[in-house]
Amino acid sequence: MLGIRDLSREEIILVLDTADSFIEVSTREIKKVPTLRGKTIVNLFYEASTRTRTSFEIAGKRLSADTINISSTTSSVVKGETLIDTARNLEAMNPDVIIIRHSAAGAPHLLAGLVKQSVINAGDGAHEHPTQALLDMMTIRAKKGRIENLRIAIVGDIAHSRVARSNIYGLKTMGAQVAVAGPATMLPRDMEHMGVEVHSSLEKALAGADVVMMLRIQIERQHQNIFPSLREYARHFCLNRQNIALAKQDVLVMHPGPINRGVEIAPEIADGPFSVILNQVTNGVAVRMALLYLLTGGKG
Amino acid sequence: MLGIRDLSREEIILVLDTADSFIEVSTREIKKVPTLRGKTIVNLFYEASTRTRTSFEIAGKRLSADTINISSTTSSVVKGETLIDTARNLEAMNPDVIIIRHSAAGAPHLLAGLVKQSVINAGDGAHEHPTQALLDMMTIRAKKGRIENLRIAIVGDIAHSRVARSNIYGLKTMGAQVAVAGPATMLPRDMEHMGVEVHSSLEKALAGADVVMMLRIQIERQHQNIFPSLREYARHFCLNRQNIALAKQDVLVMHPGPINRGVEIAPEIADGPFSVILNQVTNGVAVRMALLYLLTGGKG
Amino acid sequence: MLGIRDLSREEIILVLDTADSFIEVSTREIKKVPTLRGKTIVNLFYEASTRTRTSFEIAGKRLSADTINISSTTSSVVKGETLIDTARNLEAMNPDVIIIRHSAAGAPHLLAGLVKQSVINAGDGAHEHPTQALLDMMTIRAKKGRIENLRIAIVGDIAHSRVARSNIYGLKTMGAQVAVAGPATMLPRDMEHMGVEVHSSLEKALAGADVVMMLRIQIERQHQNIFPSLREYARHFCLNRQNIALAKQDVLVMHPGPINRGVEIAPEIADGPFSVILNQVTNGVAVRMALLYLLTGGKG
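These remarks concern the structure in this document.

Bringing helix α10 (residues 277-295) of chain B into the picture now. All names here are of chain B. Over its 19 residues, α10 runs 27 Å from end to end, which matches the ideal 27 Å to within 8%, given 1.5 Å per residue. Along its length, α10 shows its largest kink, about 25°, at Asn283. Among the 19 residues in α10, 14 count as buried, and that is most of the element. Gly297, located one to two residues past α10, shows a positive phi value of around 105°.

So, in structure tokens, the structure goes:
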């Protein structure tokens, strides 16, 4: 499970259907099924993350798997071990699934090529973040009943966003119309070939949208000067009470988190009636349970 | 479970009685009961801690709960996510209990106001550390048979100690007489309104004490210059063989740890016959098991 | 379980036989046995480690124990608590086994002298790393059918290697012939008294070897200038296609990891047909399962 690009429409539907069936487990009195008892799941995180690591860990535990966390700060990474050797060593300990987040695009593919275990990409550089796209599609489908033919706006640093990239692949595969918007420096050049509308204005992307996904501005990368200032960014690309009126009346507002309130999204929108941001988080646990289940031999 | 201040005498007794019943689990061959199977417990620690985090984690596991650790260094905190958003995200993953330690007083209350889950305060700034006070009261009750009418001296940096504050609330509620002592810069002003004796001399607080709680001097905060020097502090406020003779013959010596031997307590006292410091640690696991049990619907 | 030096031939055989019987658990569909259900195992790591910590954690979980990780960066170590107080506090929480890695030689022995729990040394300074030696001996025995009378070369920084020290004790006890090689600054003085051949040339140690263990050069300690340069080291002590021909035709190549490819071992050797480096990792889980089992009362 390395990227959405590799998934067919049928495979995406299988994951979403399976995830739908797992949503109920997390609402039970006893939030645990014995499905993955005796399986070992390794969370190999080379980048900091609360929600993704926690979501995978909770997903594994609710399936009764054993979960092992390895983060780069406490690992042999400080001894300079290569990802290749780490991978081979982990493989030799016979885990069932390795979940990897890495700052380098392609790291999960490298890992998957080396080990016999299933590998899940939990975000690789600016490349893909497939479980985020799956939970996003699950959320859209649950709220709208379908993904096909919806108009979906994705706004922010499109060029550097793995969330945007995975969603574009998945949403296009599922038959949605995708429009992206962002400052010129944040727009990739080749997007139109993918059948995606590209706008340098938030308003144009928002017009008639069924769903709007606001991306997180990576404030910590500001020094790279790809945009003039946060204030400037917010003035043109912050989703707020005014510009949201351009979207459909029942628009869904999504965000992968963590949110920069007042930068890419106004607080009253993030916490308002259109927001399904917390549904995304809840669905994230179910999507990850579904993937762990399917990758360890479960039938959808 | 945010602070001892909010607890009635009956509630404190309920927790202590329940904790007494859990003490035995940790001495069994198989140290585990299925009580919290399928429950998810999150340890959300924004400050370093060995004993408190470990104690909660062991408590959760001995009740068969799934435990998830989140520490500030590896979490989205580095991405600048607010506590509010972290809380809402955790809530969306449906844990059953969130345990929080935070350097800001009131953080657990903020969290509890936001999420539907039970929240346990594992120490918030200089405000409260309720599980410490409960394990202290459990230890006193186990050794003395009661708390009421005992004379209890608390010595050290009273003004900045969440351990002192929680104990004062609890011990007063349970009918003890409390005397505090410390250098003038470490004594809060309003203590006498709470029915607490305030002394600037260790000896006066010790006189006739049934119990003496020595607080940890936070050496790492020394640069704030609230006291002249460690040597100066130790000369006046270190519990040692001489001054302990002022207390009752069967005095209990307590300390929340980690100990600075030779600063607030002489090694021979910390490790001597009056010390119940390690009983406190053992009781800490039982008190935390009791709270987890009661907060997830268990009957005392 | 503090060092190999303390183990008799019979004890080593007991551990290896028990480990052999656990190897199969990690290949099952459900990789878990209920043997240590309700036991608490603490991983107390004062030094970074991926493979050793993960190996112990997986071993514990496959035996159904509860595992608690404590690493120095998040522990009370930052508050300056001594190892002695940490040990006593852990003991008071009633774990069953404490596994410790520490940069100071003798730290596990100090711990074992203080607590009633079983202590496993997971590496102490330049002193011992007994579980590494046991997994090495398990690997040799599995591949060669015996350890006795084999000629085993250990190459690298012998003087500062806990892996070398533990293996020398164990291999000598098991009746092997041991030859060590390394630059003069990396050879201890007293080795010949232990019945070990000492060579300043790789080739002499390799001659006729059944097994060659290449030690990791600690690049991060290079500034200590115990050797001229990595290039210089590699020129004389890197195991490669040429010099390996001096060993027996069915030589086993071992390395404790992490590997510095091109420094102490050529990539084609590390990944070549003689290499059993990943078998070592697999056997590491089994050896650790065996020790946890035996130390908590299991019969071999």
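Here the focus is the packing of aromatic side chains. Residue and element names in this part refer to chain A. Under the criterion given, the structure shown has 6 aromatic pairs over all chains. Centre to centre, the rings of Phe22 and Tyr293 are 5.5 Å apart; their planes meet at 75°, and the pair counts as edge-to-face. Taken together, the positions of Phe22 in helix α1 (residues 9-22) and Tyr293 in helix α10 (residues 277-295) put the pair 271 residues apart, joining distant regions of the chain. When the ring centre of Phe56 is taken as reference, the NZ or CZ atom of Arg288 above it lies at 4.9 Å.

Quick look at the relation of the copies chain C and chain A now. Mapping chain C onto chain A is achieved by rotating through 120° and translating by 0.0 Å along the same axis, at an RMSD of 0.0 Å. Taken together, the rotation angle and the small translation identify this as a three-fold axis.

Before going further, it helps to examine helix α2 (residues 51-62) of chain C. Given 3.6 residues per helical turn, the α-helix brings residues three or four places apart onto the same face. Residue and element names in this part refer to chain C. Between its first and last C-alpha, α2 extends 16 Å over 12 residues, near the 16 Å set by a 1.5 Å rise per residue. Among the 12 residues in α2, 12 count as buried, and that is most of the element. The positive-phi residue at the C-terminal boundary of α2 is Ser64, with phi of around 70°.

Here we come to the sheet that holds strand β8 (residues 211-214) of chain A. All names here are of chain A. Taken in spatial order, the 5 strands line up as β7-β6-β5-β8-β9 in an open sheet, and their pairing is parallel. The strands lining the two open edges of the sheet, one partner per strand, are β7 (197-199) and β9 (252-254). Ignoring strand direction, the axes of neighbouring strands in this sheet form an average angle of 20°. Bridge count between strand β5 (residues 151-155) and strand β6 (residues 177-181): 5 bridges; the pairing is parallel. Residue pairing across strands places Ile154 opposite Val180, the latter belonging to β6.

It is worth spelling out the sheet that holds strand β9 (residues 252-254) of chain B at this point. Residues and elements named next belong to chain B. Overall, parallel pairing links the 5 strands, which are arranged β7-β6-β5-β8-β9 in an open sheet. Edge positions in the sheet fall to β7 (197-199) and β9, since each has one partner strand and no second. This sheet shows a mean twist of 20° between the axes of neighbouring strands, independent of strand direction. Summarising the sheet, strand β6 (residues 177-181) and β7 pair through 3 bridges and their orientation is parallel. Note that in β7 the partner of Val180 across the bridge is Val198. Sheet strands touched by helix α6 (residues 162-173): β5 (151-155), β6 and β8 (211-214). Its angle to β5, the strand with the most contacts, is close to 170°.

Okay, the packing of helix α2 (residues 51-62) of chain B against α10 of chain B next. Residues and elements named next belong to chain B. Remark: α2 packs on α10, axes separated minimally by 8 Å, with the N-to-C direction vectors making an angle of 55°. If you check the angle between α2 and α10, you find them oblique. The handedness of the crossing between α2 and α10 comes out as right-handed. Contacts between α2 and α10 involve Arg51, Thr52, Ser55, Phe56, Ile58, Ala59, Gly60 and Arg62 from the first element and Val281, Gly284, Val285, Arg288, Met289 and Leu292 from the second. Class assignment for the residues of the contact of α2 with α10 results in 7 nonpolar, 4 polar and 3 charged.

Here we come to the side chain of Lys31 of chain B. Looking at the element boundaries, Lys31 of chain B is found in the loop between α1 (9-22) and β1 (40-45). Its relative accessible area of 5% is what places Lys31 of chain B among the buried residues. Excluding anything up to four places from it in sequence, Lys31 of chain B contacts Val25, Ser26 and Arg62 of chain B together with Gly38, Thr40, Asn94 and Asp96 of chain C.

One frequent convention defines the size of an interface as the accessible area lost when the parts assemble. Listed as interface residues are 24 residues of chain B and, on the opposing side, 28 residues of chain A. Between chain B and chain A, the buried area comes to about 2500 Å², and carbon and sulfur atoms account for 49% of it. Where chain B touches chain A, the interface holds 5 salt bridges. Remark: the boundary between chain B and chain A carries 13 residue pairs in polar contact (both at pLDDT 80 or more). Listing elements by their share of the side of chain B that touches chain A, those giving two or more residues are β2 (66-71) and α3 (83-92) of chain B. Tallied by class, the residues present in the side of chain B that touches chain A amount to 7 nonpolar, 9 polar and 8 charged.

This paragraph deals with the environment of Val115 of chain C. Residue and element names in this part refer to chain C. Relative to the assigned elements, Val115 resides in the loop between α4 (107-114) and β4 (118-124). On the basis of relative accessibility, which here comes to 8%, the residue Val115 falls in the buried class. Taking C-alpha positions, Val115 is 6.5 Å from Arg88, a pair spaced 27 residues apart along the chain. Not counting the four nearest positions on each side in its chain, Val115 is found in contact with Ala87, Glu91 and Ile98.

Thresholds applied
Residues numbered from 1 in each chain as written. Chains lettered and ligands numbered in written order. Predicted model: local features only at pLDDT ≥ 70, side-chain atom pairs only at ≥ 80, totals over all residues. Heavy atoms only, no water. Helix = DSSP H or I, 4+ residues; strand = E, 2+ residues; numbered from the N terminus. Expected span 1.5 Å × (residues − 1). Bend = angle between axes of the 7 residues up to and from the residue. Buried < 20%, exposed > 50% of the residue type's maximum accessible area, 1.4 Å probe, protein only. Phe/Tyr/Trp six-rings, centres within 6.5 Å; stacked < 30°, edge-to-face > 60°. Lys NZ or Arg CZ within 6 Å of the ring centre and 35° of its normal. Least-squares fit on C-alpha atoms with pLDDT ≥ 70 in both. Pairing = 2+ DSSP bridges. Axes fitted to C-alpha atoms, helices over the stretch in contact; angles between N-to-C directions. Contact = heavy atoms within 4.5 Å. Parallel < 35°, antiparallel > 145°, perpendicular 65-115°, else oblique. Left-handed = near helix turned anticlockwise from the far one by under 90°. Nonpolar A, V, L, I, M, F, W, Y, C, P; charged D, E, K, R; others polar. Buried area = accessible area lost by both parts, 1.4 Å probe. Salt bridge = Lys/Arg side-chain N within 4 Å of Asp/Glu carboxyl O. Polar contact = N/O pair within 3.5 Å; in protein donor to acceptor, adjacent residues only side chain to side chain.

Everything listed here is a matter of geometry and, on its own, says nothing about what the molecule does.
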